[in-house]
Each structure stands twice: as structure tokens, then as C-alpha cells.
Amino acid sequence: MKKIIGLVGTNSDQSTNRTLLQFIAKHFGEQAEIEVLEIKELPMFDKPEKMEVPEIVQAMAAKIDEADGVIISTPEYDHAVTASLMNALSWLSYGIYPFVDKPVMITGASYGTLGSSRAQAHLRQILDAPELKARIMPSSEFLLGHSLQAFDSEGRLKDEESIKQLEGLFADFMTFVEIMKQLNHAHAENLKAAENFSWENNER
């Protein structure tokens, strides 16, 4: 059975993005082992001079590295991902590179109509950065709008059409994960490129 990490893209205690990932973990529990991870306990990234990565970050990176894929669910703040998610990704690309060539599926929930569409586009840009270089599932968006009303008291999505869409996307993601396993011939070089990349050395 495939191992998938669900990354909650916010430090909010009441986020519907957490609820969405918990629903995904339960709904697809027979197809994959999905562990939902929180980022709210990570310290503020401050680029320590000695490349010292906190143990909590190292533990998260190890789980991502061991997983077959990652699902990130992000809210949208000011047309972008949250500061806490950017903080987490900064840590997870600082001397450790668990996202290099890692299959990633992006989802998002928001209180409004658009379902974090701009934040999802923003996250795709971030994950394509030289130090991250994740493999993001193309042509896929799960945009859950009006998310405060989207779940019942047990955390299940109410709308059957949304469930069907999510089921199709998850099935595609499982296929995407398998395909990406076959496209691993350059992984060692991609990892080396991430390790050796420096914005300071590339600035002119």
C-alpha cells in the first residue's frame, strides 16, 4: 500500500483544509496509508549559519522522503499561500531536500467562492523552485469553495459531485505516483543540483 503524507498548509486550529485532508485520509484509507502532518509547531525560519535544522523539521522531512507522494492543502491569504506554509517549505529545502522529484497533489479550501485557486497557483511556483523541485501533478485542481458549509458534523464532504471529483483526482494521483517512479533516472543528479544551488552564487 502506498504511503502518502497530507500536509496541512496553515497553522490555524480551525482550518477547513485540515478537515479536507482528514476526509481524504479516511475516504481513501483502503487505497493508501495517509498520514496528516501539521506545520504549526515548526519554528520561524531564520537561516541558521551552521545549517542546523531543528529535529522537528528533520522528522517531517524523513516522513516526506519515505512517502510515495504528498498532498498539500492550502488556504488562500492575500492571493497567496500562508506565511506558515512558506516557512515550512523554507525549512524543508534548507540542507534537506525531501521534495526533489516527489509527486505532489495540491488541494485547497476557502470560505469564499474560488477555493484557494490563486494560492494553488502560487504553491505550484514555489514547489518548482531549485531547492524543492517537486513533481506536481499537472492539470489538476481541487477547489473547495464555501468550505465552512462543505462538511457535515462528522467531517464528511456533503456534496457528492465534489466527492466524485476528488475520487477521480486521487485515482489520477495514484497513477501519477506510479509513473513518477519510472522517471527516476536523473534523481541523483537532481538532488545534487538542489544541494549545490545557491541564490547568492547565481545573482549578477
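Residues numbered from 1 in each chain as written. Predicted model: local features only at pLDDT ≥ 70, side-chain atom pairs only at ≥ 80, totals over all residues. Heavy atoms only, no water.

J.: Could you clarify how one ought to interpret the packing of helix α3 (residues 83-91) against helix α4 (residues 117-127) in this entry?
T.: Axes are the key here: two packed helices are described by the angle between their axes and the distance separating the axes. Here α3 crosses α4 at 15 degrees, and the two axes come no closer than 12 Å. By the criterion of interaxial angle, the relationship of α3 to α4 is roughly parallel. Crossing of α3 against α4: the hand is right-handed. Contact with α3, carried on its side by L85, M86 and L89, involves H122, L123, I126 and L127 of α4 and no other residues of that element. Considering only residue class, the contact of α3 with α4 consists of 6 nonpolar, 1 polar and no charged. (Axes fitted to C-alpha atoms, helices over the stretch in contact; angles between N-to-C directions. Helix = DSSP H or I, 4+ residues; strand = E, 2+ residues; numbered from the N terminus. Parallel < 35°, antiparallel > 145°, perpendicular 65-115°, else oblique. Left-handed = near helix turned anticlockwise from the far one by under 90°. Contact = heavy atoms within 4.5 Å. Nonpolar A, V, L, I, M, F, W, Y, C, P; charged D, E, K, R; others polar.)

J.: Looking at this structure, I do not really get helix α1 (residues 16-27). What am I missing?
T.: An α-helical segment advances 3.6 residues per turn. Residues three or four places apart therefore align on the same side. In this model, α1 (12 residues) spans 16 Å end to end at C-alpha, consistent with the 16 Å of a helix rising 1.5 Å per residue. Three or more residues of α1 are buried, namely T16, N17, R18, L20, L21, F23, I24 and A25. Among the structural elements, β1 (2-8), β2 (32-37), β3 (69-73), β4 (103-109), β6 (142-144) and α5 (160-182) are those in contact with the buried residues of α1. (Expected span 1.5 Å × (residues − 1). Buried < 20%, exposed > 50% of the residue type's maximum accessible area, 1.4 Å probe, protein only.)

J.: How should I be thinking about the nonpolar core in this particular structure?
T.: Side chains of a nonpolar character, in soluble globular proteins, are inclined to be buried together. Counting residues in hydrophobic clusters, the biggest one holds 32 residues, and the most contacted among them are I72, F99 and L127. Counting only elements with at least two residues in this core, the list comes to β1, α2 (55-66), β3, α3, β4 and α4. For F99, the contacting residues outside a window of four places in its chain are I64, V70, I72, L89, L92, V104, L127, L132, K133 and A134. Judged by nonpolar contacts, the second largest core, of 28 residues, contains F23, A32, I34 and M174. (Core = buried A, V, L, I, M, F, W, Y, C linked by side-chain atoms within 4.5 Å.)

J.: Would you mind showing me how to read the pairing of β1 here?
T.: Every other side chain in a regular strand lies on the same face of the sheet, so the side chains alternate between the two faces. Counting buried positions along β1 gives 6 out of 7 residues, so the element sits mostly inside the fold. Two strands pair when backbone bridges link them, and β1 and β2 are joined in this way by 6 bridges, in the parallel orientation. Note on β2: the bridge partner recorded for G6 is V36. In this view, the connection linking β1 to its parallel neighbour β2 by way of α1 has right-handed handedness. (Pairing = 2+ DSSP bridges. Right-handed = clockwise from strand over helix to strand, strands pointing away.)

J.: Please explain the packing of α1 against α5 as it appears in this structure.
T.: At a minimum axis distance of 12 Å, the contact between α1 and α5 shows a crossing angle of 70 degrees. Comparing their axes, α5 and α1 come out roughly perpendicular. Read as a crossing pair, α1 and α5 show a hand that is right-handed. Between α1 and α5, the residues in contact are L20, F23, I24 and H27 and I163, L166, E167 and F170, respectively. Classifying every residue of the contact of α1 with α5 by side-chain character gives 6 nonpolar, 1 polar and 1 charged.

J.: What exactly am I supposed to notice about the pattern of salt bridges here?
T.: The full count for this structure, using the stated rule, is 11 salt bridges. The residue E178 makes a salt bridge to K2 at a minimum N-O spacing of 3.0 Å. Residue E178 is located in helix α5, and its partner K2 is located in strand β1; the two are separated by 176 residues in the primary sequence. According to the relative accessible area criterion, E178 is partly exposed, its value standing at 33%. Among the residues examined, K2 registers a relative accessible area of 18% and is labelled buried. The partner of D68 in a salt bridge is K181, with the nearest N and O atoms 3.4 Å apart. With a gap of 113 residues between them, D68 in the loop between α2 and β3 and K181 in helix α5 connect regions that are remote in the sequence. (Salt bridge = Lys/Arg side-chain N within 4 Å of Asp/Glu carboxyl O.)

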